[in-house]
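# Results of the structural survey
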Amino acid sequence: MVELLRKLTEASGVSGNEDEVRDIIKKEISSLADKIYIDGIGNLIAYKKGKGTDNKKRIMLCAHMDEVGFIITSISDNGMLKFRPVGGIDPRILISKRVYIGKDRIPGVLGIKAIHLQEPNERKNAVKVEQMYIDIGVNSKEEAEKLVKIGDYAIFDSNMVEFGDNKIKAKALDDRVGCAVLIEALGEEYEHDIYACFTVQEEVGLRGAGVAAYHVEPDIGIVVEGTTCSDVSGVDEHMYSTIMGNGPAITIMDGSSISNKELIDSLKAIGEAKGIPYQLKKGTTGGNDAGMIHTSKEGVATCVVSVPCRYIHSPSSVMDKSDFENTIELVKEFVKGCE
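This structure is a prediction, so every number in the text was calculated from the model and none was measured.

Our focus in this paragraph is the packing of aromatic side chains. All told, the structure shown has 3 aromatic pairs when counted by the stated rule. Arranged with centres 5.4 Å apart and planes meeting at 85°, the rings of F70 and F83 form a pair that is edge-to-face. You can see F70 sitting in strand 4 (residues 69–75) and its partner F83 sitting in strand 5 (residues 81–86), a full 13 residues away along the chain. Each member of the pair, F70 together with F83, is buried. Geometrically, the ring pair formed by F70 and F156 is edge-to-face, given 5.3 Å between the ring centres and 85° between the ring planes. Note that F70 is positioned in strand 4 and F156 in strand 9 (residues 153–156), a separation of 86 residues in sequence. For the pair formed by F70 and F156, the shared burial category is buried. Ring-pair connections join several aromatic residues into one group, and the members of that group are F70, F83 and F156. Sitting over the ring of Y37, K35 keeps its end group 5.1 Å from the ring centre. A cation sits over an aromatic face here: K297 above Y214, 4.2 Å from the ring centre.

Okay, helix 5 (residues 173–185) next. In a regular helix each residue adds 1.5 Å, so 13 residues correspond to 18 Å; helix 5 covers 18 Å between its end C-alpha atoms and thus fits that length. Among the 13 residues of helix 5, 12 are classified as buried, and the element is accordingly described as predominantly covered. The set of residues buried in helix 5 consists of L173, D174, D175, R176, V177, G178, C179, A180, V181, L182, I183 and A185.

Within this structure, the stated rule accounts for 21 salt bridges. K7 is the salt-bridge partner of E28, the closest N and O atoms lying 2.5 Å from each other. One end of the pair, E28, is in helix 2 (residues 19–28); the other, K7, is in helix 1 (residues 2–10), with 21 residues separating them in the sequence. The class of E28 is partly exposed, set by a relative accessible area of 27%. Overall, the relative accessible area of 42% leaves K7 in the partly exposed class.

A few words now on unusual backbone geometry. With an omega dihedral of 10°, the bond running from D174 to D175 counts as a cis peptide bond. Topologically, D175 is positioned in helix 5.

This part takes up the nonpolar core. Of all hydrophobic cores here, the largest spans 53 residues; its most connected members are L5, L8, I25, L61, F198, M319 and F334. Considering every element that reaches this core, the biggest residue donor is helix 5, with 8 residues. In this view, M319 contacts L5, N166, K167, I168, L173, V177, M244, V307, P308, C309 and F324; residues no more than four positions away in its chain are not counted. Among the nonpolar cores identified, the runner-up in size contains 21 residues, and I75, F83, V138 and F156 belong to it.

Before going further, it helps to spend a moment on the sheet that holds strand 14 (residues 249–250). The strand order across the open sheet built from 8 strands is 1-2-12-3-13-16-14-15, with neighbouring strands paired in mixed fashion. Looking at the sheet topology across the chains shown, the edges are occupied by strand 1 (35–38) and strand 15 (279–280). For strand 13 (residues 220–228) and strand 16 (residues 301–309), the ladder comprises 9 bridges, and the chain directions are parallel. Across the sheet, the residue bridging to I220 is A301, located in strand 16. Of the strands in this sheet, strand 3 (58–64), strand 12 (193–199), strand 13 and strand 16 are in contact with helix 5, which crosses strand 13 at around 140°. Strands strand 13, strand 14, strand 15 and strand 16 of the sheet are contacted by helix 7 (residues 261–274), whose axis makes an angle of about 50° with strand 16.

Looking now at a nonpolar patch on the surface. Judged by side-chain polarity, I252, M253, I258 and L280 come together as a nonpolar surface patch covering roughly 340 Å² of accessible area. With respect to the secondary-structure elements, I252 resides in the loop between strand 14 and helix 7. Classification of I252 by relative accessible area gives partly exposed; the value is 41%.

Rules used throughout
Residues numbered from 1 in each chain as written. Predicted model: local features only at pLDDT ≥ 70, side-chain atom pairs only at ≥ 80, totals over all residues. Heavy atoms only, no water. Phe/Tyr/Trp six-rings, centres within 6.5 Å; stacked < 30°, edge-to-face > 60°. Helix = DSSP H or I, 4+ residues; strand = E, 2+ residues; numbered from the N terminus. Buried < 20%, exposed > 50% of the residue type's maximum accessible area, 1.4 Å probe, protein only. Lys NZ or Arg CZ within 6 Å of the ring centre and 35° of its normal. Expected span 1.5 Å × (residues − 1). Salt bridge = Lys/Arg side-chain N within 4 Å of Asp/Glu carboxyl O. Core = buried A, V, L, I, M, F, W, Y, C linked by side-chain atoms within 4.5 Å. Contact = heavy atoms within 4.5 Å. Pairing = 2+ DSSP bridges. Axes fitted to C-alpha atoms, helices over the stretch in contact; angles between N-to-C directions. Patch = residues over 30% accessible without salt bridge, like charges linked within 9 Å, V, L, I, M, F, W, Y side chains within 5 Å. Areas by Shrake-Rupley, 256 points an atom, 1.4 Å probe, with all protein chains shown as cover.

Read these as spatial facts, not as claims about activity.
In structure tokens form, the structure reads like this:
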């Protein structure tokens, strides 16, 4: 499981450019599904026929393939690249971070005017993206254009690392960890028909999930995510949305959806019956693919299960392997127990 997560997190897959991630997943699930297809927007959907004969449901498992990143918008005369973020990224984390640009993974560094050249008022204010550039080590626009072009995507240069007490550091845990959970879940047999949907463009408006849900027409939707975890120094305990190591987080409500109460109760009951630790997510901010799935067509009963991840939307998100493993088990048992 860890090596699968390594392949997924180190792949390039900024919103709208998920091809590399999709190719990895397609290869991993080739023997696990009865049918695999790619829809018009780029979602990868794996269908696995249930072995039951009566009252079968269509269960949609969903995780998004895309990650936050950057897109090149212009090239300066001195060879520096201007860019815009794709998805929500805090500009304060960007200075001096390393990136890879385009299919050839051209290395670059996010830079800004040196502090000793800044005016006093510039030093006092938070840095804006508009002030930054990507330095790829060339001296002219002509040299830069031989390596990159406007419209190229850039990702954080960040390899996965196992460290500390059962922890993993990687980029794109939101939501490659969810993709890994779905891949593992596809290895089981179920009574109901399963549609594992690996969606695109979640970070820029939950776009792929809406298309996938419209096509699948599920009876039940379960979204698997990497979610915020702020159990760190300087944050009061009552502000913790999740706690790392306490198991998968079940969402009651967030900014895009309110989870189906019966499904929440089912997840809790399964966790308690099977001895799988879980927690209820306390925060209500943000959103995920459930925001589109639950309003599809006539409406879909939907719930969300997430792996807590510190420093989300950065090159160094952190998760606990036990939370990942317990999320896999909770999702598998939930699908097996659906009535």
